[in-house]
Amino acid sequence: MANELDEMTGPVNKEGRDINVIEKQIAPKVGPGSTVFQVILWVLGIIPGLIFLFVKINAGNYLSKLQQRIQHDASQIDNYLEQRVVILQNCAKLLDKAIDLDKSTFTDIAKFRSNNDLNSAAQGVENITKAVNVALENYPNLKAHDQIADAMQQNSYLQKEITAAREVYNDSVAQWNQAIFEWPAKMIVAAKRGYTTRIPFSVSAETKQQARGTFF
């Protein structure tokens, strides 16, 4: 019997294939079979029925805790984004003292400090970073300024922390998305409560296009 997947003979997509995060929430649905299953447990005796009842209670508690953890993970990203905006705000003020920095930069900073959308807020912070970097490229002597250099170093560190926090968030989202489809207990509870899958972090099409560019 031949290998189902043969990396030597293909077929191969020579054009390659890009991937995207699908912006769709899927709700777990249980059919009559789940109801019959639970009825059978009670028919078999009160003990099997009670055992499964406690199993469902534990499943509900697990999903509630996991939901709170996802909120915590999302909040961590917000915290790092907030810190990064403060750093960029301070850096922009330092630059403004030395050069005529685009005033819209300060407006953008204020706007994204109050933004509740993680994706758009993150993209906004990236745009602000570009504005600061462009200023530093036009005035390379400012890079030697100790406070500016320190601010940019902190900005770089916080970007790594944001990336790590997104990984943690995505792991928790993946755990949630798998858990709500674990039949019988978790899936039955999730369907009854109206839970849906959660969408992991994704980047904008603009960022993806820039990642394909030449940097060196």
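Residues numbered from 1 in each chain as written. Predicted model: local features only at pLDDT ≥ 70, side-chain atom pairs only at ≥ 80, totals over all residues. Heavy atoms only, no water.

A. Broad picture of a nonpolar patch on the surface. The grouping of Trp42, Ile46, Ile47, Leu50, Ile51, Leu53, Phe54, Val55 and Ile57 at the surface amounts to a nonpolar patch, some 850 Å² of accessible area in total. Sorting elements by how many residues they give to the nonpolar patch places helix H2 (residues 46-98) first, with eight residues. Position of isoleucine 46 among the secondary structure elements: in helix H2. (Patch = residues over 30% accessible without salt bridge, like charges linked within 9 Å, V, L, I, M, F, W, Y side chains within 5 Å. Areas by Shrake-Rupley, 256 points an atom, 1.4 Å probe, with all protein chains shown as cover. Salt bridge = Lys/Arg side-chain N within 4 Å of Asp/Glu carboxyl O. Helix = DSSP H or I, 4+ residues; strand = E, 2+ residues; numbered from the N terminus.)

B. Quick peek at the packing of aromatic side chains. All told, the structure shown has three aromatic pairs when counted by the stated rule. Relative to tryptophan 183, the ring of phenylalanine 37 lies with its centre 5.1 Å away and its plane at 55 degrees, an arrangement referred to as tilted. With phenylalanine 37 in helix H1 (residues 32-44) and tryptophan 183 in the loop between helix H5 (146-179) and helix H6 (185-193), this residue pair connects regions lying 146 residues apart in the sequence. Assessed through its relative accessible area of 27%, phenylalanine 37 is described here as partly exposed. Ring pairs connect the aromatic residues Phe37, Phe52 and Trp183, which therefore count as one cluster. Taking NZ or CZ as reference, arginine 198 lies 4.6 Å from the ring centre of tryptophan 176, over its face. (Phe/Tyr/Trp six-rings, centres within 6.5 Å; stacked < 30°, edge-to-face > 60°. Buried < 20%, exposed > 50% of the residue type's maximum accessible area, 1.4 Å probe, protein only. Lys NZ or Arg CZ within 6 Å of the ring centre and 35° of its normal.)

C. Looking closely at the nonpolar core. Of all hydrophobic cores here, the largest spans 28 residues; its most connected members are Leu63, Tyr169 and Trp176. In terms of residues, this core owes the most to one element, H2, which gives 11 residues. Not counting chain neighbours up to four residues away, the residues in contact with tyrosine 169 comprise Ile70, Asp73, Ala74, Ile77, Ile199, Pro200 and Phe201. (Core = buried A, V, L, I, M, F, W, Y, C linked by side-chain atoms within 4.5 Å. Contact = heavy atoms within 4.5 Å.)

D. View of H1. The first and last C-alpha atoms of H1 sit 18 Å apart over 13 residues, in line with the 18 Å expected at 1.5 Å per residue. Those residues of H1 that fall on the buried side of the exposure criterion are Ser34, Gln38 and Leu41. Here the buried residues of H1 occupy an arc of 55 degrees about the axis, which is enough to place them on one side. Turned more than 90 degrees away from the buried face of H1, the exposed residues are Pro32, Gly33, Val43 and Leu44. Two residues or fewer after H1 comes glycine 45, characterised by a positive phi angle close to 150 degrees. (Expected span 1.5 Å × (residues − 1). Arc of directions from axis to C-beta.)

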